[in-house]
Amino acid sequence: MSAHPPKLVFFDCDTTLSGIEGVDELARLRGPTVLAAVAAMTTAAMEGGTPLEQVFARRLDLIRPRRADMDVIGRLYLEHVEPTAKETIAELKAAGWTPVVLSAGYTPAIEPLAKLLGIARIEAVQLRFDAAGNYAGFDESFPTTRAQGKPARIRELKRELRPVRTAMVGDGVSDLEATAAVDVFVGFGGFVERAKVRAGARHFIHRLSELPALLG
Ligand SMILES: [Mg+2]
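Note that the structure is predicted; figures quoted are calculated from it, not measured.

### Notes on the coordination of the magnesium ion
- Bound to the magnesium ion on the protein side are Asp12 (OD), Asp14 (O) and Asp171 (OD), at distances that span 2.1 Å.
- All donors to the magnesium ion come from one chain, and their sequence spacing reads D-x1-D-x156-D. One end of the pair, aspartate 12, is in the loop between strand S1 (7-11) and helix H1 (22-28); the other, aspartate 171, is in the loop between strand S6 (165-170) and helix H8 (173-176), and 159 residues separate them in sequence. Side by side, aspartate 12 and aspartate 171 carry an identical accessibility label, which is buried.

Structure below.
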């Protein structure tokens, strides 16, 4: 982070920076029954019908992700990276923006994608594993595990980093909730277009390369 007050642009990860939903891909590793149950919960939460905290622990309890699964999802994030993400983030950084991943996904799976894209800061959920690499819980205190968690975390980061300008881009209702906490909210429909987000967002784009013109 530079010594100057930063401009912060927060990126959702799943179906924004990359075309997959990491939690659904984790569920797929456990077979079709777990996948169907988890995907239904993810969709209900991202479309705003169910508060995120009602599904967050339940999905993980069904999947019980192992440490090694994080590498599988990390590779999938890379394979499905939004086609203009890397150049867009470079362009935004050159214009003085500091990119931050703000996600309800799992930090160890997101790290390779963030590295590829030149994003130094990941605000996502830490998982716990036992010595054998088996699932042992998640950081329940992290705000993005709950509804209204993204604006809550943005407000914490604004107190910490004192940005002069903030923006958020994402496809889900949990991203749209951040509207009141940032200067500019941009809805994203490049992978999944959600009606509630499209209706609620003042700006809506289908390629991340449309972002720099909106942010200036
Ligand atoms: Mg998303």
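### Description of empty space enclosed by the protein
- Considering all chains together, one arrives at one cavity of 30 Å³ or more under this definition.
- The calculated volume of the largest cavity comes to roughly 190 Å³.
- Taken together, 18 residues make up the lining of the largest cavity; nearest its centre are Asp14, Glu21, Met46, Ala104 and Gly105.
- At the level of elements, H1, helix H2 (32-46), helix H3 (52-63), strand S2 (97-106) and H8 are the ones that each hand at least two residues to the lining of the largest cavity.
- Looking at the lining of the largest cavity residue by residue, the classes come out as six nonpolar, five polar and seven charged.

### Examining unusual backbone geometry
- Within the chain, threonine 15 stands out as a residue other than glycine whose phi angle is a positive 50 degrees.
- Checked against the element boundaries, threonine 15 lands in the loop between S1 and H1.
- Although it is not a glycine, arginine 64 adopts a positive phi angle of roughly 45 degrees.
- The exposure class of arginine 64 is partly exposed, given its relative accessible area of 43%.

### A closer look at the pairing of S2
- Counting buried positions along S2 gives ten out of ten residues, so the element sits mostly inside the fold.
- Along S2, one buried face is formed by Trp97, Pro99, Val101, Ser103 and Gly105 and the opposite face, lined by Thr98, Val100, Leu102, Ala104 and Tyr106, is buried too.
- Two elements, S1 and S2, share five bridges in a ladder whose sense is parallel. Pairing of leucine 8 across the sheet is with threonine 98, part of S2.
- By the bridge criterion, four bridges tie S2 to strand S3 (residues 121-125) in an arrangement that is parallel. Looking at S3, one finds that leucine 102 is bridged to glutamate 123.

Calculation notes
Residues numbered from 1 in each chain as written. Predicted model: local features only at pLDDT ≥ 70, side-chain atom pairs only at ≥ 80, totals over all residues. Heavy atoms only, no water. Donors = N, O, S within 2.8 Å, 3.2 Å for Na, K, Ca; no water. Helix = DSSP H or I, 4+ residues; strand = E, 2+ residues; numbered from the N terminus. Buried < 20%, exposed > 50% of the residue type's maximum accessible area, 1.4 Å probe, protein only. 1 Å grid on protein atoms, 1.4 Å probe; cavity = no way out; pocket = protein on both sides within 12 Å on 5 of 7 lines; lining within 4 Å. Points joined across faces, edges and corners; volume = space filled by probe spheres on them. Nonpolar A, V, L, I, M, F, W, Y, C, P; charged D, E, K, R; others polar. Pairing = 2+ DSSP bridges.

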